Amino acid sequence: MTDRQAKTPEASTIDPAEVARFERIAETWWDPKGPMKVLHKFNPVRLAYIRDEACRRFGRDPRSARSLEGLTILDVGCGGGVLSEPLARLGAKVTGLDPAPTNISVAKLHAERAGVPVDYRNETVEAVVARGETFDMVLAMEVVEHVADVQAFVTACAQAVKPGGALAMATLNRTLRSFALAIVGAEYILGWLPKGTHEWDKFVTPDELTEALRVAGFTVNDLKGVVYNPLRGDWSLSSDTAVNYMLLAART
C-alpha cells in the first residue's frame, strides 16, 4: 500500500436512501421532457463552465471542437451520463462513477448507441482513490448535497486530482430562497423534479464548501452563481449564488 492509499478514507460517503431515490428514475435520464428536464436545460451552462475553466487552466482553445483532447476527467455521480458524454465529445478521456447500478447501465447503453467512448463504473470515488488513480479534472456536479459526509466526500474528490489539476463542483446553497425555489417551487409547484429529490438541510453554503476544500488542501479559484430566467426558459452564470452555484478549486 502506498502512502497515498494509506491516507484514503475507507468509509463510503454514499447515502443509500439517495441512491435508491435516483435508481427509481434512472431510465428517464435522457428524456428531455421527463423528470430530468431541468438538468437538460442546466447542462449547457455547466458544460461550458467546465470547458472554459479547463481550457484556461491547461492552455486550450475553448472554440475548438476538440478543446479537451487528451485531458483525463473523472465525473463523480455521473448519473446517466448527461455531462460525461459531451465532455468525451470534446476529446476528454472521461471516467464516470455512480453508485446506482441502473444509472450506469443506462449511461453505458446510451454511450454505446451514440458511439461515444466513456469508461462508466458502478463504484465510489473512494474506491478510485484507493487504487491511486488521479485525473486532470475531477467533477462533482450536483452531488455533494446528496452525500452522507461532506468533508469525507470532498477530501476523496480532492485526492483524485492530479498535481496541477482542478476540482469543479456544483451544488445548492442553503438559503430561504433555495428552499422556496429549489424545493417548494421546483418539486411541489412546478413539478420540475420528483418530490423528495432534495433535502434542504443537506444543502451546502459556499463558505462551508470552501472550508471543506481548505481542509482537503484546496483553494477556491472561481465561484459563480447560476440563475434561471423564466422569460427565456434558460440558465446562465451570475454573481448571485443564493440558490445554485459552481466553483473551481485547485491544490493550495
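Keep in mind that this is a model prediction, so the values were computed, not measured. (Residues numbered from 1 in each chain as written. Predicted model: local features only at pLDDT ≥ 70, side-chain atom pairs only at ≥ 80, totals over all residues. Heavy atoms only, no water.)

A. Up close: helix α9 (residues 206–215). Among all positions of α9, only Pro206, Leu209, Ala212 and Leu213 are buried. Buried residues in α9, looked at end-on, bunch into an arc of 125°, giving them a common side. Turned more than 90 degrees from where α9 packs its buried face, Asp207 and Arg214 sit exposed. Close packing links the buried residues of α9 with α7 (150–159), β5 (161–172), β6 (218–229) and β8 (244–251). Downstream of α9 by one or two residues, Gly217 has phi in the positive range, about 90°. (Buried < 20%, exposed > 50% of the residue type's maximum accessible area, 1.4 Å probe, protein only. Helix = DSSP H or I, 4+ residues; strand = E, 2+ residues; numbered from the N terminus. Arc of directions from axis to C-beta. Contact = heavy atoms within 4.5 Å.)

B. Structural view of the nonpolar core. Core analysis: the largest hydrophobic core is formed by 34 residues, its most contacted members being Leu68, Ile73, Leu87, Met137, Leu139 and Met141. Of all the elements in the fold, those that place two or more residues in this core are α3 (37–58), α4 (84–89), α5 (101–114), β3 (118–121), β4 (135–141), β5 and β8. In terms of residue count, α3 provides more of this core than any other element does, eight residues in total. Excluding anything up to four places from it in sequence, Met137 contacts Ile50, Ala54, Phe58, Thr72, Ile73, Leu74, Ala166, Ala168 and Leu248. Of all hydrophobic cores here, the second largest spans 29 residues; its members include Leu97, Leu209, Ala212 and Tyr245. (Core = buried A, V, L, I, M, F, W, Y, C linked by side-chain atoms within 4.5 Å.)

C. Structural detail: the packing of aromatic side chains. Per the counting criterion, the structure on display carries two aromatic pairs. Arranged with centres 5.2 Å apart and planes meeting at 85°, the rings of Phe42 and Trp235 form a pair that is edge-to-face. Of the two residues, Phe42 sits in helix α3 while Trp235 sits in strand β7 (residues 234–238), which places them 193 residues apart along the sequence. Both residues of the pair, Phe42 and Trp235, belong to the buried class. What makes Trp235 buried here is its relative accessible area of 14%. Site record: aromatic cluster; members linked through ring pairs are Phe42, Tyr228 and Trp235. (Phe/Tyr/Trp six-rings, centres within 6.5 Å; stacked < 30°, edge-to-face > 60°.)

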